[in-house]
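Okay, here's what each chain looks like letter by letter:
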Amino acid sequence: MLNPGKKIIVRFVGLMILISVLPLLLIGLISYQASSQAMQEAEQRYARTLLQNQVERLSSQLEQVENLIANISGVEDITRSLNDKNSSADSYTHLATQARIGYILNGYLSLKGLVSIDIFTEGGAHYHVGDTLDISAARLEIKDQIKQQALASDKQVYWAGVVDNVNSTSRHRQVLTAARILKVLDRETMQQQPIAVILVNYSLDYLAQQFTQAELLQGSQLALLDQFGNVIYQNNPTGNQLLIRYIHQGFHEGMFADWQDNRYLVQEQHLEAYNWHLISAVPESILLTGVRDIRQITLSLLVLGLLLVLFAGGLFFRNILTPIRAVVSSFKSLQGNDYDLNQRLPVKGNDEITELVRWFNRFLDNLAAQKESEAALRESERRYELVVNATHEGLWDWNLLEDTLYLSPRFLVLLGRDPVTEPLETNSPAEWLERIHGDDLQSVKQQIELHLQGVAPHFESEYRLLQKDGSYRWVLSHGLVELDAAGEPVRMAGSHSDISDRKDAESRLRHDAFHDNLTGLSNRAWFTSYLAKTINDTARQKEQAFAVLFLDLDHFKMVNDTLGHSAGDQLLIEVSARLKDCLRNTDLLARLGGDEFVILLEHSDDFHYIHVAERILEALVRPYQIAEQEVLSGGSIGIALSHAGYSDPDEMIRDADIAMYQAKLSGKNCYVVFDEDMREHLVQRINTERELSKAIKDDQLILHYQPVINLKTGQIAGCEALVRWQHPEKGLLNPDQFIPIAESSNLIHPLGQWVLESACRQWCEWRRTVFCGLELSLSVNLSPVQFYDEGLLRILPGLLSKYQFSPGELALEITETVLIRDTRKAARVIDKIKALGVEVHLDDFGTGYSSLSHLSEFPIDLIKIDRSFVMQCVESKKHHRVVSGILNLAHELDLPCIAEGIETQDQLWQLQQQGCEYGQGYYIYRPLNVEQMAKVLNTREAEGQEQEATY
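Rules behind the numbers
- Residues numbered from 1 in each chain as written.
- Predicted model: local features only at pLDDT ≥ 70, side-chain atom pairs only at ≥ 80, totals over all residues.
- Heavy atoms only, no water.
- Helix = DSSP H or I, 4+ residues; strand = E, 2+ residues; numbered from the N terminus.
- Polar contact = N/O pair within 3.5 Å; in protein donor to acceptor, adjacent residues only side chain to side chain.
- Phe/Tyr/Trp six-rings, centres within 6.5 Å; stacked < 30°, edge-to-face > 60°.
- Buried < 20%, exposed > 50% of the residue type's maximum accessible area, 1.4 Å probe, protein only.
- Lys NZ or Arg CZ within 6 Å of the ring centre and 35° of its normal.
- Salt bridge = Lys/Arg side-chain N within 4 Å of Asp/Glu carboxyl O.
- UniProt positions renumbered as here; feature names shortened; annotations may be inferred.
- Pairing = 2+ DSSP bridges.
- Axes fitted to C-alpha atoms, helices over the stretch in contact; angles between N-to-C directions.
- Patch = residues over 30% accessible without salt bridge, like charges linked within 9 Å, V, L, I, M, F, W, Y side chains within 5 Å.
- Areas by Shrake-Rupley, 256 points an atom, 1.4 Å probe, with all protein chains shown as cover.

Checked against the element boundaries, glutamine 700 lands in the loop between α20 (676-697) and β23 (701-710). A distance of 3.0 Å separates the side chain of glutamine 700 from the side chain of tryptophan 725, its partner in a polar contact.

The description of two aromatic rings rests on the distance between their centres and on the angle between their planes. The tally for this structure, following the rule as stated, stands at 14 aromatic pairs. Where tryptophan 725 meets phenylalanine 738, the ring centres are 5.7 Å apart and the plane angle is 85°; that geometry is what we call edge-to-face. Of this pair, tryptophan 725 sits in strand β24 (residues 716-727) while phenylalanine 738 sits in the loop between β25 (731-733) and α21 (739-744); the two residues are 13 residues apart in sequence, bridging distant segments of the chain. You can call phenylalanine 738 buried: its relative accessible area is 0%. In textbook terms, an aromatic cluster arises when at least three aromatic residues are bridged by ring pairs, as seen for Trp396, Trp398, Trp432 and Phe459. Stacked on the ring of tryptophan 474, the Lys or Arg lysine 503 has its end atom at 4.5 Å from the ring centre. We note arginine 578 situated over the ring of tyrosine 624; from NZ or CZ to the ring centre the distance is 3.7 Å.

With that settled, consider the pattern of salt bridges. One pass over the full model with this rule turns up 26 salt bridges. As a salt-bridge pair, glutamate 462 and arginine 502 come within 2.5 Å of each other at their nearest N and O atoms. Taken together, the positions of glutamate 462 in strand β13 (residues 459-466) and arginine 502 in helix α14 (residues 500-513) put the pair 40 residues apart, joining distant regions of the chain. Judged by its relative accessible area of 33%, glutamate 462 falls in the partly exposed class. Two residues, lysine 503 and glutamate 462, come together in a salt bridge whose shortest N-O distance is 2.9 Å. With lysine 503 in helix α14 and glutamate 462 in strand β13, the pair connects residues that are 41 residues apart, well separated along the chain. Of the residues examined, lysine 503 reaches a relative accessible area of 17% and is grouped as buried. Because the salt bridges share partners, they merge into one network encompassing Glu720, Glu813, Lys864 and Glu900.

Here we take up the UniProt feature "coiled-coil region" (unreviewed entry) in the chain. The UniProt record marks residues 48-75 with the feature "coiled-coil region" (unreviewed entry), using the residue numbering of this structure. Between the end C-alpha atoms of residues 48-75 the distance is 41 Å, and the span holds 93% helix and 0% strand.

Our next topic: the sheet that holds strand β14 (residues 472-483). Strand order in the open sheet formed by five strands is β12-β11-β15-β14-β13, with antiparallel pairing between adjacent strands. The sheet terminates laterally at β12 (404-407) and β13, the two strands that pair on one side only. For this sheet the average axis-to-axis angle between neighbouring strands, irrespective of direction, equals 25°.

Where β24 lies against strand β26 (residues 777-781), four bridges are found, and the strand directions are parallel. Across the sheet, glycine 718 pairs through a bridge with serine 777, a residue of β26. Pairing between β26 and strand β27 (residues 810-815): four bridges, direction parallel. Across the sheet, serine 779 pairs through a bridge with alanine 811, a residue of β27.

Bringing a nonpolar patch on the surface into the picture now. Where nonpolar side chains cluster on the molecular surface, the patch consists of Ile17, Leu18, Leu22, Leu25 and Leu29 and spans about 410 Å² of accessible area. With respect to the element layout, leucine 25 can be found in helix α1 (residues 4-73).

Okay, here's the thing in structure tokens:
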């Protein structure tokens, strides 16, 4: 049995431990746990925010590349030139196309991080701009792999991830590649067919530089993986093995993982648009830096408390009076506010004195704890105030029970007010809600209510907030609710962020995506979308009629070629303005590309579309002042009507395009309303184009030669080369059956070059074997397209040298239309041709415009009187006077004449009487094949026998 002294000591020690050590231990544990959790959560949120910022920055960069591809795809010159699968082009045409596409693509190389742009066509062409000019060693297997993946993808722009550079000579061995398949409408099958693939290569090094600029927590790991698990970026190749294992082993977002004796918090952002993964790992030691300090302080306090208890027990028996005096003295010091609260009285003895000292020490402990709590509270309030003032977001705290709302000073800054001089008048939620735009208020209240009901995990809403000056700014608000023990909401807190700049950027991007940069009009994408909506609306309300007008400018290419592309752009801008003046506010005007415009006329009945078309044509023919010159233009309009029952907007635009093409063929500057026969006619024309292209390659073209005789001597003076098409099914076709198609489809260039080359080669052979030593001449017809083609002047010297033509031995025949199209340029071309020793003959004279006024301005060598006058010069006095007038005019200008189309003896006799120098026609000679012409050249005299005309 213990004596009273020992019992008091045991009780004293036990009581001291109970009232000092255990509470301190409990407080330390609670403080440690709460602080640890709070700091970890704060660090995790910060890490998530950094990761999200990286995602947004990466998405912005990738969107720039996608916008670049969209812009390239929308350039009509590119898409038109890339459709080369079923067409052939000479080296000049290919080089010109490559230069034009290269010039356009070079305009997009300003995008930072862009390595190169490659376009591979279905016809095998390769167009490239970028960091290397050598494209001879292109990796076609890589291109084919990316193309197949892009075709299988349902996205407009397919991101292939990290791949080997398709250009093996590039210094960038691997790149980040985006691809898009360009398609066009196959007019034969009426289906979309791929014509080319665009590859845009993006620098991995530049992307890594952007990631390197990010502020990561010390020791953090960051990696970006593509859809195939390839590493796009990694800041630590060794540590990033943890992140790659994270993907392959299916770790959960926000969990901790062990790696190389360290523990990491792993977080992931999945970029669904590209199926990429952005992963970060933050060392747990970094998250717990502050927690370790708290743990050390807590342990220190526990040890200190234990030492105080032991010290008090050791001195309990030493002194009784000292503790009493110490207590009295300490109370006096406390009363004077000069007592050190960290000082404790020694505990001595085992009686009531010990009890008194113990309670006094406890009193001091409580007082010190109170002081520390007050200091901690002040520090917390100061820290909170510093964070509120430093952040760019406005913080808010809504007491739902009292219906009061605290708004930080940053909120007043969002309103354009000074927080010091213009504080809020009340703490009512109305200070916030009443400033929300009326169109957005209901949505904001709905989102708050959904979160309060537990339907939404958090409150988030974008809306417009009224400013002090009456304007509105876009704000993004977040918030979380706090529930009581019963699960009822008691308060809600969150933040306000100013997102006006982001909204403005989004608005600009949306506008640019659906508008033409040059004219500001809607583009093809917006017009097609709006037309689809109109078609759907009309399907429900069939009494509503509308029309689509497809407009193509006349002579636009000539303006570009003669005055430059800047002048062409100015012409397009002025045309857009005139078109707007011709339309109602409810009509939709769009530019499809190049010189093509399309118009949607809603509620267009009672032939309203006819009046609009006529008004437009009248407006377009008025002269334009471009580059200080007067420019004339016009337009051809095709019209498609809604009563045809369209369900696809592309079909309606296509039919309007077909009608426009028919208007072009009808003489331009007119309009044509679409009917089904036009589509059949177009299909036939396309088939003829394809067959003619094949005919040029397969040597189905042949030349016939019609002799020209001297009407005074009767001897052959030369001949005219005439092309024929030996069609495998239709037989021998005359030029008027295929030359117009060749001129409109650019087949005239290879066809004309073949005619000129073949005629010169045959003439050289005849000169050597048939009429050696005689002065005869060969005439070859030139199309207006050929005449203005710079390639003619490049190949002509070589032909003259190769086949040994003497000056005046070769003549090129042109029509009056060539001269009046561009008089200055025509004069320059004629001068260059004549400088080579080649004569220029004016064919079909009398049928064109302004013939007499322009004849003296050009160095023409000979005039050919059109057959329409010659064939009626005997029966019609009017035509007789026309022929006589032409001959008199030519003789006044010292120009010889050839009369075409002589079919009777009377016509021949009359022309001889009027002094016409030369003649040709069926009465003299029909067009002859090579063998027949060789025999005629052997005789060198006209047979003078009549031959029956066949036309």
